[in-house]
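Each chain is listed here by its residues.
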Amino acid sequence: MDTKKEDKINDKNEDKKQILKDIKSGTLERFTFTTGHSFAWKKFVKIRNAENKKLCSFVQCTECKALLYFKEGSGTSHLNRHKCNDNQTEGPAFKILASDTVASIKESVTRNIIKFCATDFVPIGMTSGLGFKSFLQSFVILASKHGNINVEDVYPSASAIDRYVRNFKDDGLRKILENFRESLKNECCSASLEVIGSGGTNHVVVTMSLHYFDKHFVLAKKIIFTTNIDERNAEDVVRQIVHNFNVFGGEEDDLHRLTVVTPNTDLFKQALQFPFRRIDCAASKISQILNESIAQSSTKDFEEIFSNCQSIVRLIENKDVQPLNIASQDSGTWKGKILMLQSIIEQYDAIMEFLDTENKSNIKFIKRKAEELLQFLEPFMEAASDLSEFSYPTANRIILWWAILNDHLKKSECYSLELKKILINARLSISSNFQPTMDDKINCFLDPRYKFLKMLSDTERAEVVLAVQNLLKSIQCDVNDNGDEQPEQVPPNKKARASVYESNKSDVNQYRLLNKPKSSDKGDRFKKYEATSSDGTENDECDIYLKLPSTKSNDFDSEADVIKCFWKSHAKKLPKLFQLVKTRLHLPACCKDTEIQLKAKLDLKCLDNFMFIRSNMTDICDDF
């Protein structure tokens, strides 16, 4: 762009900013131009000096508040071409209100919220969610566009809403079923069952999700149904799952082909036996390790810490102290306990000052022991949280967290005697509950950052490579199906815990040195028997894969890009390995996603619809 033109554009942008400031301060005023014959003046207002009435060189759109250049006496064709959607960013996003106006509005809104909740018997807590606020915001936007309209005239009927949800869900399930059929044909799909809440007496609410790579090699997680199961009856679990899967459009044989990740409970173990292919949730195993470690240690010190934490939370909540913000314990989960402990330690000084003021001497919170316990627990929570992530492949990370937690449990010298007891029990528990399988090792091998499996011995690494080579023998791949996009250059992300296991240049050199052919005193007597490229030795995909340049996390912007960018760019060079990746790395390590709080009693059909909408709204209906 010409420098003079660029400077002229920048000057205009600065002028627009100044005009908006002057309008806000009252120096400039807007007025409607009523004598013009152009249609544009039904949508635009002119701007002039409030004192001398001198016209400004800009006009403003009455709908989107965008400023457009207009010289007096010129034509209005460019004003008629103006589209609000294209220029919304030019005007201010929201009007800035005075503090006394904000206080007045808040008081009015509070009264109306209470009136709404009392009229329709809606819990007040429901009005604090982002969904309800977004709903209200839609009416503010409509009012700015259409003026003071009657809500009754534009509000849809219950039957219309129900019809919209039904059509939305039918269209969405149809698209998911098409993707499912395609991915299942190539064995590139898995599933998970997640317990999300209580469904009444002896019943729990369970959702089933499908996990697969879409056509762009992006990991997808789609909830296909939500149902109620009897937690005492394994037969009811199978019956409900098969029935709802059939309603979705699948067959029981399809269900048997899926690897299903479930909570590590006797109910699912008993229900989903052969011919089902069930594996345990890794996050459940981590919680089991902590539960066993604490229970077998016979120490009350740490039980008292959590008990005192709960007392502090109750005091803070009852007094509504500001700016203290303590995380409440969430249903007794380890995640809730750790977050509560973390927030109390971070605000320890302010809390102690508050407790002294209230003379709460009966609460004894020893900060040193609390910090020590948190130091021990945090890696477990980080592991469970990371493995529960569904936005990127996690099956390849089980062995990484197994190695990191094992290293964490070796650091016993920095802990007190009480915590050492828990640590020793944790070592025993992790050796029996969290040992990686060959599948876990293969999945980690397929992550290019950790292909050298530094956490394993030489013998174990050789076994993994041999297992992969055996799997490749049975793979028939169509080269045309492989991606050939090159990875984009993206900014680095923060250093991860598992970076110690990432490949580097020395690993590649060491591998080449170990595989360098040795010279023979017999000359070339047996040369005709030596392997050549035509024999496949140099074309062995595992060998090629291991000799590729090292790949590290900071080469990519996100975890999802590591798998997607690397394997799409090497699909033609390593076609069988690429097929193996597609059939394995969609599998989640855990079935547990972000915990959902059911804030109101919903019937099963309504809950099923809501869970589906939460899972699919951005992918199926952008304007929902």
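The rules behind each value
- Residues numbered from 1 in each chain as written.
- Predicted model: local features only at pLDDT ≥ 70, side-chain atom pairs only at ≥ 80, totals over all residues.
- Heavy atoms only, no water.
- Axes fitted to C-alpha atoms, helices over the stretch in contact; angles between N-to-C directions.
- Helix = DSSP H or I, 4+ residues; strand = E, 2+ residues; numbered from the N terminus.
- Parallel < 35°, antiparallel > 145°, perpendicular 65-115°, else oblique.
- Contact = heavy atoms within 4.5 Å.
- Buried < 20%, exposed > 50% of the residue type's maximum accessible area, 1.4 Å probe, protein only.
- Polar contact = N/O pair within 3.5 Å; in protein donor to acceptor, adjacent residues only side chain to side chain.
- Pairing = 2+ DSSP bridges.
- Core = buried A, V, L, I, M, F, W, Y, C linked by side-chain atoms within 4.5 Å.
- pLDDT = per-residue confidence, 0-100.
- Patch = residues over 30% accessible without salt bridge, like charges linked within 9 Å, V, L, I, M, F, W, Y side chains within 5 Å.
- Areas by Shrake-Rupley, 256 points an atom, 1.4 Å probe, with all protein chains shown as cover.
- Salt bridge = Lys/Arg side-chain N within 4 Å of Asp/Glu carboxyl O.
- Left-handed = near helix turned anticlockwise from the far one by under 90°.
- Nonpolar A, V, L, I, M, F, W, Y, C, P; charged D, E, K, R; others polar.
- Expected span 1.5 Å × (residues − 1).
- Arc of directions from axis to C-beta.
- Phe/Tyr/Trp six-rings, centres within 6.5 Å; stacked < 30°, edge-to-face > 60°.

How two helices sit against one another is set out by the angle between their axes and by the gap between those axes. Where helix α16 (residues 398–409) contacts helix α18 (residues 438–445), the axes come no closer than 8 Å and their chain directions differ by 105 degrees. One way to sum up the angle between α16 and α18 is to call them roughly perpendicular. Within the contact between the two elements, α16 uses I398, I399 and L400 and α18 uses D440, K441 and C444.

The next point concerns the side chain of N433. Here N433 lies in helix α17 (residues 417–433). Using a relative accessible area of 17% as the deciding quantity, one classes N433 as buried. A distance of 3.2 Å separates polar atoms of two side chains, one belonging to N433 and the other to E292. With residues near it in sequence (within four places) discarded, N433 still touches K285, Q288, I289 and E292.

Excluding glycine, most residues fall at negative phi; most peptide bonds, likewise, are trans. P275 follows F274 through a cis peptide bond whose omega is 15 degrees. Following the sequence through the fold, P275 ends up in the loop between α10 (266–271) and β9 (277–280). Unusually for a residue other than glycine, F217 sits at a positive phi of about 60 degrees. Tracing the backbone shows F217 in the loop between β6 (203–213) and β7 (219–230).

What follows concerns the sheet that holds β9. Overall, mixed pairing links the five strands, which are arranged β7-β6-β5-β8-β9 in an open sheet. Two strands close off the open sheet at either side, each with one partner strand: β7 and β9. Strand-to-strand twist in this sheet, taken as the mean axis angle between neighbours without regard to direction, amounts to 25 degrees. Where strand β8 (residues 259–262) lies against β9, four bridges are found, and the strand directions are parallel. In the sheet register, V261 faces β9, and the bridge partner there is I279.

The biggest cluster of nonpolar side chains holds 95 residues, and the ones touching the most others in it are L341, F365, F376, F434, F445, M455 and W567. Each residue touching F376, except ones within four places of it in the same chain, is listed here: L290, H408, L409, Y415, L419, I422, L423 and A426.

Confidence along the protein chain averages 79 in pLDDT terms, with 78% of residues attaining 70 or more. Between the elements of the protein chain, mean pLDDT differs from a low of 48, seen in helix α3 (residues 84–87), to a high of 95, seen in α18. For residues 526–538, every residue scores under 50 in pLDDT, and the model assigns this stretch eight contacts once sequence neighbours within four places are set aside. Throughout residues 620–624 the model reports pLDDT below 50, and contacts reaching past four residues in sequence, or to other chains, amount to 13 contacts.

The next subject is a nonpolar patch on the surface. Where nonpolar side chains cluster on the molecular surface, the patch consists of F135, L136, V151, Y155 and I161 and spans about 430 Å² of accessible area. Along the chain, F135 falls in helix α5 (residues 130–146).

The next point concerns the sheet that holds strand β4 (residues 67–69). Spatial strand order, β1-β2-β3-β4: four strands in an open sheet with antiparallel pairing. Both edges of this open sheet fall to β1 (28–31) and β4, since each of them pairs with a single strand only. Pairs of neighbouring strands in the sheet enclose a mean axial angle of 35 degrees, with direction left out of account.

Tallying each qualifying case throughout the model produces 20 salt bridges. Where R239 meets D236, a salt bridge forms, and the shortest distance between an N and an O atom there is 3.1 Å. Taken as a pair, R239 and D236 lie in helix α8 (residues 234–248) at a separation of three residues, close to a single helical turn. Residue classification places R239 among the partly exposed positions, given a relative accessible area of 46%. Accessibility expressed as a relative area gives 9% for D236, which makes it buried. D458 serves as the salt-bridge partner of R461, at 2.2 Å between the closest nitrogen and oxygen. With R461 and D458 both in helix α19 (residues 458–473) and three residues apart, the pair spans about one turn of that helix.

Remark: helix α15 (residues 367–387) packs on α17, axes separated minimally by 11 Å, with the N-to-C direction vectors making an angle of 15 degrees. The angle between α15 and α17 places the two elements in the roughly parallel class. Seen from above, α15 lies across α17 with right-handed handedness. Within the contact between the two elements, α15 uses K369, E372, L373 and F376 and α17 uses E418, L419, I422, L423 and A426. For the contact of α15 with α17, a count of residues per class yields six nonpolar, no polar and three charged.

Here we take up α19. With 16 residues, α19 extends 23 Å between its outermost C-alpha atoms, agreeing within 8% with the 22 Å of an ideal straight helix rising 1.5 Å per residue. Within α19, the full set of buried residues consists of V464, V465, A467, V468 and L472. Taken end-on, α19 shows its buried residues confined to a sector of 160 degrees, consistent with a single buried face. Exposed residues on α19 whose side chains face more than 90 degrees from its buried face are T459 and K473. Against the buried residues of α19 lie α18, α21 (541–547) and α23 (575–584).

Attention now moves to the pairing of strand β5 (residues 189–198). The buried count for β5 comes to seven of ten residues, which makes it a mostly enclosed element. Relative to β6, β5 is paired through nine bridges, and the arrangement is antiparallel. When the bridges of β6 are listed, E194 appears paired with T207. Adjacent in sequence and paired antiparallel, β5 and β6 are bridged by four residues, among which G200 carries a positive phi angle near 115 degrees.

This paragraph deals with α8. Since the α-helix advances by 3.6 residues per turn, residues separated by three or four positions end up pointing in the same direction. If you check α8, its first and last C-alpha atoms are 21 Å apart, about what 15 residues at 1.5 Å a residue would give, namely 21 Å. Three or more residues of α8 are buried, namely A234, D236, V237, V238, I241, V242, N244, F245 and F248. Elements in contact with the buried residues of α8: α7 (158–185), β5, β6, β7, α9 (252–257) and α10. Two or three places before E235, at the opening of α8, N233 has a side-chain oxygen 2.9 Å from that residue's backbone nitrogen. Following α8 by one or two positions, G249 has its phi on the positive side, about 125 degrees.

Now for the packing of aromatic side chains. Under the defined criterion, the tally for this structure stands at 16 aromatic pairs. Ring centres of F213 and F217 lie 4.5 Å apart, and the angle between their planes is 35 degrees; this geometry places the pair in the tilted category. For F217, a relative accessible area of 6% puts it in the buried group. A centroid spacing of 6.1 Å and a plane angle of 75 degrees characterise the contact between F306 and W334, whose relative ring orientation is edge-to-face.

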